[in-house]
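This is what each chain is made of:
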Amino acid sequence: QDVMDIEVKPKPSRPHWYERHVQPCVAELLGSALFIFIGCLSVVEDSRGTGRLQPALAHGLALGVTVAVLGDI
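The present account deals with the structure reproduced in this document. (Residues numbered from 1 in each chain as written. Predicted model: local features only at pLDDT ≥ 70, side-chain atom pairs only at ≥ 80, totals over all residues. Heavy atoms only, no water.)

We now examine the overall build of the protein. Counting its regular elements, the protein contains two helices and zero strands. A burial count over the protein gives 11% of its 73 residues as buried. Element-wise, carbon and sulfur atoms account for 65% of the exposed surface of the protein, whose accessible area totals about 6600 Å². (Helix = DSSP H or I, 4+ residues; strand = E, 2+ residues; numbered from the N terminus. Buried < 20%, exposed > 50% of the residue type's maximum accessible area, 1.4 Å probe, protein only. Areas by Shrake-Rupley, 256 points an atom, 1.4 Å probe, with all protein chains shown as cover.)

So, about a nonpolar patch on the surface. A surface patch of nonpolar side chains, about 240 Å² in accessible area, is lined by Leu34, Val65 and Val69. Topologically, Val65 is positioned in helix H2 (residues 53–70). (Patch = residues over 30% accessible without salt bridge, like charges linked within 9 Å, V, L, I, M, F, W, Y side chains within 5 Å. Salt bridge = Lys/Arg side-chain N within 4 Å of Asp/Glu carboxyl O.)

In this section: the packing of aromatic side chains. The geometry of an aromatic ring pair is captured by the separation of the ring centres together with the interplanar angle, meaning the angle of the planes. Enumeration according to the criterion identifies one aromatic pair in this entry. Considering the side-chain rings of Trp17 and Tyr18, the 6.4 Å spacing of their centres and the 90° angle between planes classify their relative orientation as edge-to-face. Accessibility expressed as a relative area gives 40% for Tyr18, which makes it partly exposed. (Phe/Tyr/Trp six-rings, centres within 6.5 Å; stacked < 30°, edge-to-face > 60°.)

The next point concerns the side chain of Thr66. Within the fold, Thr66 resides in helix H2. Accessibility expressed as a relative area gives 12% for Thr66, which makes it buried. Side-chain polar atoms of Thr66 contact the backbone oxygen of Ala62, separated by 2.7 Å. Excluding residues that lie within four positions of it along the chain, Thr66 makes contacts with Gly31, Leu34 and Gly71. (Polar contact = N/O pair within 3.5 Å; in protein donor to acceptor, adjacent residues only side chain to side chain. Contact = heavy atoms within 4.5 Å.)

Structure representation (structure tokens):
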């Protein structure tokens, strides 16, 4: 006897309320705090020779790390 295999696809479940509301807000808070904290620290210890290069690189690297860590959220 031939039995027909019927593929039953499970209904995609909705994400939990934490994943929809809390997790993006926490990620935004941590990302902004890291970006501002690293940027302010780069200006506080500014040596005379670097000028505008040190804060610019620090902000760029902080943004890159933030996107790499929190980008999938």
